[in-house]
Each structure stands twice: as structure tokens, then as C-alpha cells.
Amino acid sequence: IEQSISKGTDALVVIPADSVGIVPAVEAANSAGIPLIDVNTKIDTSGGCKIETFIAVENYTAAVSVAEKLVEMLDQKGDVIILEAGAQSSVDIVAGANDTFAKYPDVNVVASQTASWNRTEAYNVTLNLLEANPGVAAIFAANDEMAMGALEAVRS
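What you see is a predicted model; the values in this text were computed from it and never measured.

(A) Structural detail: the packing of helix H5 (residues 119-132) against helix H6 (residues 144-155). At a minimum axis distance of 7 Å, the contact between H5 and H6 shows a crossing angle of 45°. Taken together, the axes of H5 and H6 lie oblique to each other. Considering only the axes of H5 and H6, their crossing is right-handed. Contacts between H5 and H6 involve Arg119, Ala122, Tyr123, Thr126, Leu127 and Leu130 from the former and Glu145, Met146, Met148, Gly149, Ala150, Glu152, Ala153 and Val154 from the latter. Its residues assigned to classes, the contact of H5 with H6 shows nine nonpolar, two polar and three charged.

(B) Structural detail: the pattern of salt bridges. Under the counting rule described, the total for this entry stands at four salt bridges. Its salt-bridge partner being Lys103, residue Glu68 comes within 2.8 Å of it at the nearest N-O pair. Linking Glu68 in helix H3 (residues 59-73) with Lys103 in the loop between helix H4 (88-102) and strand E5 (107-114), this pair joins segments that are 35 residues apart in sequence. Residue Glu68 is classed as partly exposed on the basis of its relative accessible area of 23%. Taking the relative accessible area as the measure of exposure, Lys103 reaches 53% and is therefore exposed. Between Glu72 and Lys69 there is a salt bridge, with its nearest N and O atoms 3.3 Å apart. Taken as a pair, Glu72 and Lys69 lie in helix H3 at a separation of three residues, close to a single helical turn.

(C) Seen up close, the layout of surface pockets. As a volume, the largest pocket reaches approximately 280 Å³. Lining the largest pocket are 14 residues; nearest its centre among them are Val66, Ile139, Phe140, Ala141 and Ala147. Of all elements in the fold, only H3, strand E6 (136-141) and H6 reach the threshold of two or more residues within the lining of the largest pocket. If one sorts the elements of the lining of the largest pocket by residue count, H3 sits on top with five residues. Split into classes, the residues belonging to the lining of the largest pocket amount to 13 nonpolar, one polar and no charged.

How each quantity is defined
- Residues numbered from 1 in each chain as written.
- Predicted model: local features only at pLDDT ≥ 70, side-chain atom pairs only at ≥ 80, totals over all residues.
- Heavy atoms only, no water.
- Axes fitted to C-alpha atoms, helices over the stretch in contact; angles between N-to-C directions.
- Helix = DSSP H or I, 4+ residues; strand = E, 2+ residues; numbered from the N terminus.
- Parallel < 35°, antiparallel > 145°, perpendicular 65-115°, else oblique.
- Left-handed = near helix turned anticlockwise from the far one by under 90°.
- Contact = heavy atoms within 4.5 Å.
- Nonpolar A, V, L, I, M, F, W, Y, C, P; charged D, E, K, R; others polar.
- Salt bridge = Lys/Arg side-chain N within 4 Å of Asp/Glu carboxyl O.
- Buried < 20%, exposed > 50% of the residue type's maximum accessible area, 1.4 Å probe, protein only.
- 1 Å grid on protein atoms, 1.4 Å probe; cavity = no way out; pocket = protein on both sides within 12 Å on 5 of 7 lines; lining within 4 Å.
- Points joined across faces, edges and corners; volume = space filled by probe spheres on them.

Written as C-alpha cells, this is what we have:
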């Protein structure tokens, strides 16, 4: 954001990892007169920083839909691994998945571990989790990069 401000950017679109930690950067953009569009993670504007608009999917609800489809694909039984990331959006996604899986007695979450939104880390985490849980039927990832890392691990 600082580089964009110094270059005189006309507008910023951000997907914050931390809704509070980004506030100083938003305030700097506000001071520079650069409008900011917030995507997916709601920036804490309670201190007065301003955003033009907020665009997001409701992560919990989206995760419930995906988890329901996954349960259907598993015929309502099987062991599942969850790859998470720790940011608020991941917390909401994992909560939606866990709440959904809990409704099915034959679907068991055998591991849930962070892969930090990172494909390489997801690859390594997935390899380790598959070794520790050889009967896994599905992997639920909180984002596409972790899903791609998990896919590469499964293929290897």
C-alpha cells in the first residue's frame, strides 16, 4: 500500500489478512486521498479509517455449501482433513466445514492444520497428514492455493 501511495495510484483494492493490522495503511491511503475497496475481510473502521465499499462472500455459509457437497460425494462417510490458515476468513470457513461435518456421524475430521494460504506449505502439510492418516477420503481446504498444494501431495 505504501508503494501504491508513493506511485500516486488512483484507487486500491485490498484483501486484508488482518482486519485491524491493516488500519494504519488504510489511514495512509485515506490521507493521500486514495479510495480503498475492501474485499473478503472486513476492515475495522471503528477508529475512523474509511473504505469506499466492502465486497465479500459470507465465508461460513459458503463453507457449509461446499462441505455439504463433499459429504454427498463421500456418501456421508469417510475421514476428512481440513487445511486452514488462521485469518478470519479461514476461521469462518473452517467453522462452517466443522459444523457441517459434525452433522454426519460417519464423517470424521481426523486432522485440521494450518497451511498458511500457501501451496508449498499445503503440499508438505498434506503429505505429513496423509502419512499419519492413511485412510483419508477427502481434503477440505480453506483456499485454492492450499487445495492445489494438497492435490499435488495426493498425486505424489
